[in-house]
Amino acid sequence: MKKVLSLVLICVLMLGIVACGKDKRTLKYISPTGKHTIYVEYDSDSRPSVKYRGEEIWSATGSGYPEEVTYDVTWIDNDTVKLYYSKDGKSSDEIVLYLGNLESE
């Protein structure tokens, strides 16, 4: 009986670890000419962070959102990207990132 309980406990812990690892979602965006690629990663509170060339170049602060949120991403030009969150038809939390001054890929 003790071995069965130990086995069940180990299985529950492993499932918990696997489930915790799924807290992030990542979306890939490529610039119009394909020169730049960014990844927008969301944590479990839908707070976005932007990664470029494997480095985090921006991340949101604050408490996050009670629901799953995805920011809209628009390329202004090949080196500039805009992230914004729209709710009820109103745009908020707008961030503009210029990638041209970062080391090119």
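Residues numbered from 1 in each chain as written. Predicted model: local features only at pLDDT ≥ 70, side-chain atom pairs only at ≥ 80, totals over all residues. Heavy atoms only, no water.

A. Structural view of the sheet that holds strand β1 (residues 25–30). If you trace the 4 strands from one edge of the open sheet to the other, you get β1-β2-β3-β4, paired in antiparallel fashion. Strands with a single pairing partner mark the edges of an open sheet, and in this sheet they are β1 and β4 (55–59). When strand polarity is set aside, the average angle formed by the axes of neighbouring strands in this sheet is 25°. (Pairing = 2+ DSSP bridges. Helix = DSSP H or I, 4+ residues; strand = E, 2+ residues; numbered from the N terminus. Axes fitted to C-alpha atoms, helices over the stretch in contact; angles between N-to-C directions.)

B. Representation of the pattern of salt bridges in the model. Going through the model one piece at a time under the given rule, you end up with 4 salt bridges. Between Lys51 and Glu41 there is a salt bridge; the shortest N-O distance is 3.8 Å. With Lys51 in strand β3 (residues 48–52) and Glu41 in strand β2 (residues 37–42), this pair connects stretches of sequence that are 10 residues apart. The class of Lys51 is partly exposed, set by a relative accessible area of 28%. Of the charged contacts, one joins Asp45 and Arg47 as a salt bridge, the two residues approaching to 3.4 Å between their closest N and O atoms. According to the relative accessible area criterion, Asp45 is partly exposed, its value standing at 30%. Look at Arg47 and you get partly exposed, because its relative accessible area is 23%. (Salt bridge = Lys/Arg side-chain N within 4 Å of Asp/Glu carboxyl O. Buried < 20%, exposed > 50% of the residue type's maximum accessible area, 1.4 Å probe, protein only.)

C. Representation of the side chain of Glu41 in the model. With relative accessibility at 16%, the residue Glu41 sits in the buried group. Only 3.4 Å separates the side chain of Glu41 from the side chain of Thr26, close enough to count as a polar contact. With sequence-adjacent residues up to four places away left out, Glu41 is seen in contact with Lys24, Arg25, Thr26, Arg47, Pro48, Ser49 and Lys51. (Polar contact = N/O pair within 3.5 Å; in protein donor to acceptor, adjacent residues only side chain to side chain. Contact = heavy atoms within 4.5 Å.)

D. Structural detail: the nonpolar core. By size, the foremost hydrophobic cluster in this structure holds 18 residues, and its most contacted members are Ile38, Val40, Val50, Tyr71, Val73, Val81 and Leu83. Sorting the residues of this core by element identifies β2, β3, β5 (72–77) and β6 (80–87) as the ones contributing at least two each. Contacts of Val50, omitting those with residues within four sequence positions, involve Ile38, Tyr39, Val40, Glu55, Glu56, Ile57, Trp58, Leu83 and Leu97. (Core = buried A, V, L, I, M, F, W, Y, C linked by side-chain atoms within 4.5 Å.)

E. The pairing of β1, seen in detail. As paired elements, β1 and β2 share 6 bridges and run antiparallel to each other. Pairing of Tyr29 across the sheet is with Ile38, part of β2. Turn length for the β1-β2 hairpin, with the two strands adjacent in sequence and antiparallel, is 6 residues, and the turn residue Gly34 shows positive phi of about 85°.

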